[in-house]
Amino acid sequence: MLHVDLLDRSELPESEALDAIEVATARVLTSALRTNVSVRVIEQKLEITAYPVSDDPVQITLETINRKLQRHLLHQVELELQKRRTFIEAERLKALRGNSAPGEILRIAKDGALFISLEIADCYRRLIIAGVCPLRCQPRHEQGLYIIGNVKEFYITSVVPVMINSRSSRVRILLSRTSRELPRLLLQERSRLSGIQCLQRIPGGYCDIVTPKRIPKDVINSVGKELGEHLHVSILKTHH
């Protein structure tokens, strides 16, 4: 149960990994033995105590537990370690929310959802992370026309840890091509100009953009081409 490689593979701080092992073991054995069980890790060994309702506390060793329960226990420990890894990763990646990023279309699901490989610049290195753009977040004029291998710009709407069929967990990054923020972010990134606002957007139709200074025509055209819509850009007049 407590092989060193299990702790190493967890990629968690040791105290967090040991707590996960204690919690998962206590949960599984409390359910299986139908009595309260406490678990502590002492010098990389599990100290398991059962508390029968009408009897004295009983010390339990893993060797006395049948093989099937041992396998179930190991699976639940690994799942708990993975869950905690996922929460830490979600916390680290949540700063991406509200940004745009280019992503390559890897797969198109039967329901039309796009599975995307995003490339993110993060502190002098590049992260490759997976995201999903559901059909409802795709402009109507693009739906059904996406091609695997194409690279498109996406707005990152949410970063959340999710459970999959109670068997594993991962960070789900939800992407959008319809967000009103996407044109603004693309114009800002390509023009290096801050203070741009998107007042209205009809995906596949047009955008009303206001900007504090003139944006080069080629930048406006490149964003319009990326989104397949007309960008109506006006300079915000300031009153002195």
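The coordinates are above.
Predicted model, so just to flag it, every value in this text is computed and none were measured.

**Remarks on the environment of alanine 50**
- By secondary structure assignment, the location of alanine 50 is in strand E2 (residues 45-51).
- On a C-alpha basis, the gap between alanine 50 and threonine 178 in space is 55 Å, while along the polypeptide they are 128 residues apart.
- Once residues lying within four places of it in the same chain are set aside, the contact partners of alanine 50 are Thr35, Asn36, Val37, Pro57, Val58 and Ile60.

**A look at the sheet that holds strand E11 (residues 230-235)**
- Pairing is mixed across the open sheet formed by three strands, whose spatial order is E9-E10-E11. Looking at the sheet topology across the chains shown, the edges are occupied by strand E9 (197-202) and E11. This sheet shows a mean twist of 15° between the axes of neighbouring strands, independent of strand direction.
- With five bridges joining them, E9 and strand E10 (residues 206-211) adopt antiparallel strand pairing. The residue bridging glutamine 200 from the neighbouring strand is aspartate 208, located in E10.
- Helix-sheet contacts for helix H4 (residues 181-191) involve E9, E10 and E11, and the interaxial angle to E9 is about 130°.

**Re the sheet that holds strand E3 (residues 58-60)**
- An order of E1-E2-E3 is seen for the three strands of this open sheet, with the pairing classed as antiparallel. Two strands lie at the open edges of the sheet, namely strand E1 (36-42) and E3, each paired on one side alone. Sheet twist, expressed as the mean angle between neighbouring strand axes with direction ignored, is 30°.
- One ladder, built from seven bridges, connects E1 with E2; its direction is antiparallel. When the bridges of E2 are listed, valine 37 appears paired with alanine 50.
- Those strands touched by helix H2 (residues 14-33) are E1, E2 and E3, and its axis lies near 155° from that of E1.

**Brief notes about the pattern of salt bridges**
- One pass over the structure, following the stated rule, counts twelve salt bridges.
- One salt bridge connects glutamate 16 with arginine 84, and the closest N-O pair in it is separated by 3.4 Å. Here glutamate 16, found in helix H2, pairs with arginine 84, found in helix H3 (residues 67-93); they are 68 residues apart in sequence, far enough to count as distant.
- Using a relative accessible area of 28% as the deciding quantity, one classes glutamate 16 as partly exposed.
- Counted as one network, the salt bridges with shared partners bring together Glu16, Asp19, Arg27, Glu80, Lys83 and Arg84.

**Section: the state of the cysteines**
- Within the structure shown, the criterion is met by zero disulfides.
- Cysteine 137 supplies the cysteine sulfur nearest to cysteine 133, a cysteine that is in no disulfide, at a spacing of 5.5 Å.
- When its relative accessible area of 0% is taken as the criterion, cysteine 133 is described as buried.
- Cysteine cysteine 198 is unpaired, with the sulfur of cysteine 207 as its nearest cysteine sulfur at 4.6 Å.

Criteria and thresholds
Residues numbered from 1 in each chain as written. Predicted model: local features only at pLDDT ≥ 70, side-chain atom pairs only at ≥ 80, totals over all residues. Heavy atoms only, no water. Helix = DSSP H or I, 4+ residues; strand = E, 2+ residues; numbered from the N terminus. Contact = heavy atoms within 4.5 Å. Pairing = 2+ DSSP bridges. Axes fitted to C-alpha atoms, helices over the stretch in contact; angles between N-to-C directions. Salt bridge = Lys/Arg side-chain N within 4 Å of Asp/Glu carboxyl O. Buried < 20%, exposed > 50% of the residue type's maximum accessible area, 1.4 Å probe, protein only. Disulfide = S-S within 2.5 Å.

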